[in-house]
Amino acid sequence: QVQLVESGGGLVQAGGSLRLSCGASGRTFSSYTMGWFRQAPGKEREFVAAIMWSGGSTYYADSVKGRFIISRDNAKNTVYLQMNSLKPEDTAVYYCAADRYGQLSSRSTEFSSWGRGTQVTVSS
């Protein structure tokens with residue numbers, strides 16, 4: 001399994017932007033479909049975005065489409081989540097996840113490796 005470490009979370013005002021990063025260990029990062037999920041207090045973990053291991057196809061939750069952008073840099077073993085036009089309802093712990101040779105999916109059960117998360121707080 002790949003080891004994942006998220007960074008880049010913090011406190012931002014509504015309408016602002018943040019970029020999350022997720023660094024992965026190992027030499028096989030390019031073979032992993034990567035995903036971002038989030039979990040707000042008292043709520044279930046929900047899908048945010050995913051990027052395919054091959055070809056770079058992406059998939060977004062409707063709630064973030066047009067505001068968030070997922071990207072990857074295989075040379076740096078890193079996946080990013082650019083978050084723009086942030087809203088208070090985006091407040092959550094954001095988790096990075098990996099699925100080797102996986103298809104694009106919004107189901108957390110498809111992802112076998114997870115980071116510990118990074119807190120994002122959006123103030124109104």
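What you are looking at is a predicted structure, and each value in this text was computed from that prediction instead of being measured.

Parameters and conventions
Residues numbered from 1 in each chain as written. Predicted model: local features only at pLDDT ≥ 70, side-chain atom pairs only at ≥ 80, totals over all residues. Heavy atoms only, no water. Salt bridge = Lys/Arg side-chain N within 4 Å of Asp/Glu carboxyl O. Buried < 20%, exposed > 50% of the residue type's maximum accessible area, 1.4 Å probe, protein only. Helix = DSSP H or I, 4+ residues; strand = E, 2+ residues; numbered from the N terminus. Pairing = 2+ DSSP bridges. Axes fitted to C-alpha atoms, helices over the stretch in contact; angles between N-to-C directions. Disulfide = S-S within 2.5 Å.

Enquirer: Before we move on, could you go through the pattern of salt bridges and cite the residues and values that matter?
Expert: Opposite charge on two side chains allows them to pair when their charged atoms are near. Counted under the stated rule, the structure contains five salt bridges. The closest approach of N and O atoms between Glu46 and Arg38, which form a salt bridge, is 2.5 Å. Overall, the relative accessible area of 35% leaves Glu46 in the partly exposed class. For Arg38, a relative accessible area of 5% puts it in the buried group. Note that Asp90 and Arg38 form a salt bridge whose closest N and O atoms lie 2.9 Å from each other. Here Arg38 lies in strand E4 (residues 32-39) and Asp90 lies in the loop between strand E8 (78-83) and strand E9 (92-100), a separation of 52 residues in the sequence. Assigned by exposure class, Asp90 and Arg38 land together as buried. Beyond isolated ion pairs, a larger network of salt bridges with shared partners links Arg38, Glu46, Arg67 and Asp90.

Enquirer: I'd like to hear about the sheet that holds strand E1 (residues 4-7), residue by residue, with values.
Expert: The antiparallel open sheet is built from four strands, whose spatial order is E1-E3-E8-E7. The sheet terminates laterally at E1 and strand E7 (68-73), the two strands that pair on one side only. Strand after strand, the sheet turns through a mean of 15 degrees between neighbouring axes, direction not considered. Across six bridges, the pairing between E7 and E8 is antiparallel.

Enquirer: Describe the state of the cysteines, naming the residues involved and giving the relevant values.
Expert: Counted by the stated rule, this structure contains one disulfide. A sulfur-sulfur distance of 2.1 Å marks the disulfide that ties Cys22 to Cys96. Between Cys22 and Cys96 the sulfur-sulfur dihedral comes to about -80 degrees; the bridge is accordingly left-handed. With Cys22 in strand E3 (residues 18-24) and Cys96 in strand E9, the pair connects residues that are 74 residues apart, well separated along the chain. In this pair, the class of Cys22 matches that of Cys96, namely buried.

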